[in-house]
Amino acid sequence: MRSVFKKIFPEVSKQLHYWKNKAELIPNQELREQALASIQSKKFHCQGGSVYSVLAEDRWLDSIEFIVAYQTISDYLDNLCDRSTSLDPKDFRMLHQSMEDALSPDAPLKNYYAYRSDQDDGGYLSELVQTCQQALLTLPSYSIIQQYCLQLEQLYSDLQVYKHVKKEERIPRLENWYKKFKDKWPSLSWYEFSASSGSTLGIFCIVSYAMAGKADDYLAKKIFDSYFPFMQGLHILLDYYIDQQEDLEEDDLNFCHYYRDEQHLKERLLFFIKQTNKSIQPLPHRHFHEMVHKGLVGLYLADPKVKKLSNGKEVTKMLLQASGIHSTFFHLNIKIYNHFKGKAKEN
């Protein structure tokens, strides 16, 4: 925790400050507003993802640079799709081509805004892509592990395309998509599979190990199998859990709304907690991955939005108990950290 608060979070803030300054120079008003909003409201995504820089050892700064740039692309595109005037799947697919290109060091830059009227971002998205590409070019083993990163990215991009199309098309598209994978992951519902596809943690884990010179085909596959679907699914289900009220007000798709009732939601969150703990046991640095697992529970449930949820306090208590004392430790630390950061802003 000392390393996270003293080293990692300050570096994340420094990197985000750079991208915020770049976003402020975007000529197109709509693109500028969405870029700035994504940095302002989703900073904690970069903070959480950058914990993986610990695995990069001496190259932790390079890892943070990659993670912040890649997560900023993800958050920016999510805002563009969520708050978009477009409902064109071709537009969403082209936007997310940038995430594939960011993981493909030799890929040429493209006009990622080709199918929308808002075009001029002053090179903002292209610079984010190039920052990721340049980081990956320094990894001798990247050609060996790239396929696993791209598989996770493909799942992520498919999800973003299908969940942002016309409202009446979203659920049929997502259900048909899951049918292709149902035999492999029969214990999931279509909405849990979708949630599991919406995380970037597996990519950050693989790349950070590669930064330390420790990633090979065997480890990359092991990370993929350990993180997908349960660790990533837990991550995004918690994200959707705390956003329920907000998504209801904004009329946004929220996968937690598809459980039969609150009891079913609790049971499935507990299931994901148990399965996550089980799936990460074969990984090297097992205690680190357990820390991330427990940190996710503590971090998300410490969000002030939980107070607005019906039975939020009860669900928080239940999930923290199921996750163990370390989750409670993270939960309290994050609440204290947020409290003092809030006080500092007031002063």
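Residues numbered from 1 in each chain as written. Predicted model: local features only at pLDDT ≥ 70, side-chain atom pairs only at ≥ 80, totals over all residues. Heavy atoms only, no water.

Visitor: Kindly report on the overall build of the protein chain, identifying the contributing residues and their values.
Guide: Each helix and strand counted, the protein chain has 16 helices and 0 strands in total. Summarising its shape, the C-alpha atoms of the protein chain cover approximately 55 × 50 × 50 Å along the three principal directions. For the protein chain, the residues scored as buried account for 55% of the 347 residues in total. Expressed as a percentage of contacts within the protein chain between residues at least 6 apart in sequence, the contacts between residues at least 24 apart total 74%. Taken as a whole, the protein chain presents about 15600 Å² of accessible surface, with 52% of it coming from carbon and sulfur. Distance between charge centroids for the protein chain: 6 Å, based on 43 positive and 45 negative side chains. (Helix = DSSP H or I, 4+ residues; strand = E, 2+ residues; numbered from the N terminus. Buried < 20%, exposed > 50% of the residue type's maximum accessible area, 1.4 Å probe, protein only. Contact = heavy atoms within 4.5 Å. Areas by Shrake-Rupley, 256 points an atom, 1.4 Å probe, with all protein chains shown as cover. Lys, Arg positive; Asp, Glu negative; His and termini not counted. Charge placed at Lys NZ, Arg CZ, Asp CG, Glu CD.)

Visitor: Before we move on, could you go through the side chain of T276 and cite the residues and values that matter?
Guide: Among the secondary structure elements, T276 is positioned in helix α13 (residues 262-279). A distance of 2.6 Å separates a polar side-chain atom of T276 from the backbone oxygen of F272. If sequence neighbours within four positions are ignored, T276 has contacts with F230, M231, L234 and H293. (Polar contact = N/O pair within 3.5 Å; in protein donor to acceptor, adjacent residues only side chain to side chain.)

Visitor: Talk me through the environment of L136; I want residue IDs and the actual numbers.
Guide: On the secondary structure map, L136 appears in helix α6 (residues 124-137). Judged by relative accessible area, which is 1%, L136 ranks as buried. A C-alpha to C-alpha distance of 9.7 Å links L136 and S63, two positions 73 residues apart in sequence. When residues no more than four places from it in sequence are discounted, the contact partners of L136 are F66, A102, L103, P105, Y142 and V207.

Visitor: So what about the state of the cysteines? Which residues, and what values?
Guide: All chains considered together, the criterion is met by 0 disulfides. The closest cysteine sulfur to the non-disulfide-bonded C149 is located on C205, 9.8 Å from its own sulfur. On the basis of relative accessible area, C149 is assigned to the buried category, the value being 0%. (Disulfide = S-S within 2.5 Å.)

Visitor: Describe the packing of helix α7 (residues 142-162) against helix α10 (residues 201-211), and please don't skip the residues or the numbers.
Guide: It is at 9 Å that the axes of α7 and α10 come closest, and there the two elements cross at 160°. By the angle class used here, α7 and α10 are roughly antiparallel. Seen from above, α7 lies across α10 with left-handed handedness. Across the interface between the two elements, I145, Y148, C149, L152 and E153 of α7 pack against G202, I203, I206, V207 and A210 of α10. (Axes fitted to C-alpha atoms, helices over the stretch in contact; angles between N-to-C directions. Parallel < 35°, antiparallel > 145°, perpendicular 65-115°, else oblique. Left-handed = near helix turned anticlockwise from the far one by under 90°.)

Visitor: Go over the packing of aromatic side chains with me, naming the residues and quoting the values.
Guide: Counted under the stated rule, the structure contains 28 aromatic pairs. Both rings, one in W177 and one in F181, keep their centres 6.3 Å apart while their planes meet at 80°; by these two values the pair is edge-to-face. F181 sits in the partly exposed class, given a relative accessible area of 23%. When the ring of Y240 is compared with that of F255, the centres are 4.9 Å apart and the planes differ by 65°; the resulting orientation is edge-to-face. (Phe/Tyr/Trp six-rings, centres within 6.5 Å; stacked < 30°, edge-to-face > 60°.)

Visitor: Can you lay out the environment of A210 for me, pointing to particular residues and giving the numbers?
Guide: Of note, A210 is situated in helix α10. Measuring from C-alpha to C-alpha, the distance between A210 and H331 comes to 30 Å, with 121 residues separating the pair along the chain. A210 has contacts with L139, S141, I145 and A215, leaving out every residue within four places of it along the chain.

Visitor: Outline the pattern of salt bridges, listing residues and values.
Guide: Using the criterion set out here, one finds 17 salt bridges in the structure. A salt bridge links E262 to K266, with the nearest nitrogen and oxygen atoms 3.8 Å apart. Taken together, the residues span about one helical turn, with E262 and K266 both in helix α13 at a distance of 4 residues. Given a relative accessible area of 29%, E262 falls into the partly exposed group. For E314, the salt bridge identified is with K266, shortest N-O distance 2.5 Å. Note that E314 is positioned in helix α15 (residues 312-323) and K266 in helix α13, a separation of 48 residues in sequence. Given the relative accessible area of 9%, K266 is considered buried. When salt bridges with common partners are traced through the structure, they connect D243, E246 and K305 into a single cluster. (Salt bridge = Lys/Arg side-chain N within 4 Å of Asp/Glu carboxyl O.)

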